[in-house]
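A look at the structure
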Amino acid sequence: YSIHGSNSYSLYAVGAGGTLLRYSSYGNWSQQTLPASVAKTDFNKIWINDVDDMYVGGFAGELVHYIGYPISKWEVLSSPSTSKVNAIFAADANEMFMSFGAGTVYRGHTHWVVQVVRTFTVRSYFYALLMDPDNSFDLWVVGSDGSSAFRQSSSAGKWSKYETGTSRPLYA
């Protein structure tokens, strides 16, 4: 359901039934070992900062994090929702944003805060998050009604709506 990578020789793909595959520089895919509590989870989103910092989200709000060198293990994290993970964006190991099936955006890592996106007149399901790494947590979201919103870090968390010219769903 999703694929992401830190370079062309280190790609990861997620899918149904606990599928979490890694593509290596040797040209093959290998199943990754996950904690037993999420080994059969249907995953739909993955975000990779680098080979030592990865996040995977599931259809029921599951959140799994990979801690690389020197630990090299997957750990289950506390998720702020049990709804489908629509998007994950992690700026680093301490700051991330997630959007869920009900159109809610959360900011946090171990403590989650709802991001109030008050710019929409209809309920929108946010399918994609994009953060500008050069501008200290400026964030874009796009939604199921063709809408988009921008959160500038210097605006104290205020969201601004931007017209896209379409009413069709926008995805990453």
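Structural notes, computed from the coordinates. (Residues numbered from 1 in each chain as written. Predicted model: local features only at pLDDT ≥ 70, side-chain atom pairs only at ≥ 80, totals over all residues. Heavy atoms only, no water.)

Remarks on the environment of G165
As for its position among the elements, G165 is in the segment after β16 (159–162). Each C-alpha atom, one on G165 and one on S147, is 8.6 Å from the other, the two residues being 18 residues apart in sequence. (Helix = DSSP H or I, 4+ residues; strand = E, 2+ residues; numbered from the N terminus.)

Regarding the sheet that holds strand β12 (residues 112–115)
In space, the 4 strands of this open sheet follow the order β9-β10-β11-β12, with antiparallel pairing throughout. Here the strands that pair on one side only, and so sit at the sheet edges, are β9 (85–92) and β12. With direction set aside, neighbouring strand axes in the sheet form an average angle of 20°. With 6 bridges connecting them, β9 and strand β10 (residues 95–100) associate as antiparallel partners. Bridging across to β10, I88 finds its partner in M98. (Pairing = 2+ DSSP bridges. Axes fitted to C-alpha atoms, helices over the stretch in contact; angles between N-to-C directions.)

A short note on a nonpolar patch on the surface
A surface patch of nonpolar side chains, amounting to about 300 Å² of accessible area, comprises L130, W140 and Y162. With respect to the helices, strands and loops of the structure, L130 is situated in strand β13 (residues 126–132). (Patch = residues over 30% accessible without salt bridge, like charges linked within 9 Å, V, L, I, M, F, W, Y side chains within 5 Å. Areas by Shrake-Rupley, 256 points an atom, 1.4 Å probe, with all protein chains shown as cover. Salt bridge = Lys/Arg side-chain N within 4 Å of Asp/Glu carboxyl O.)

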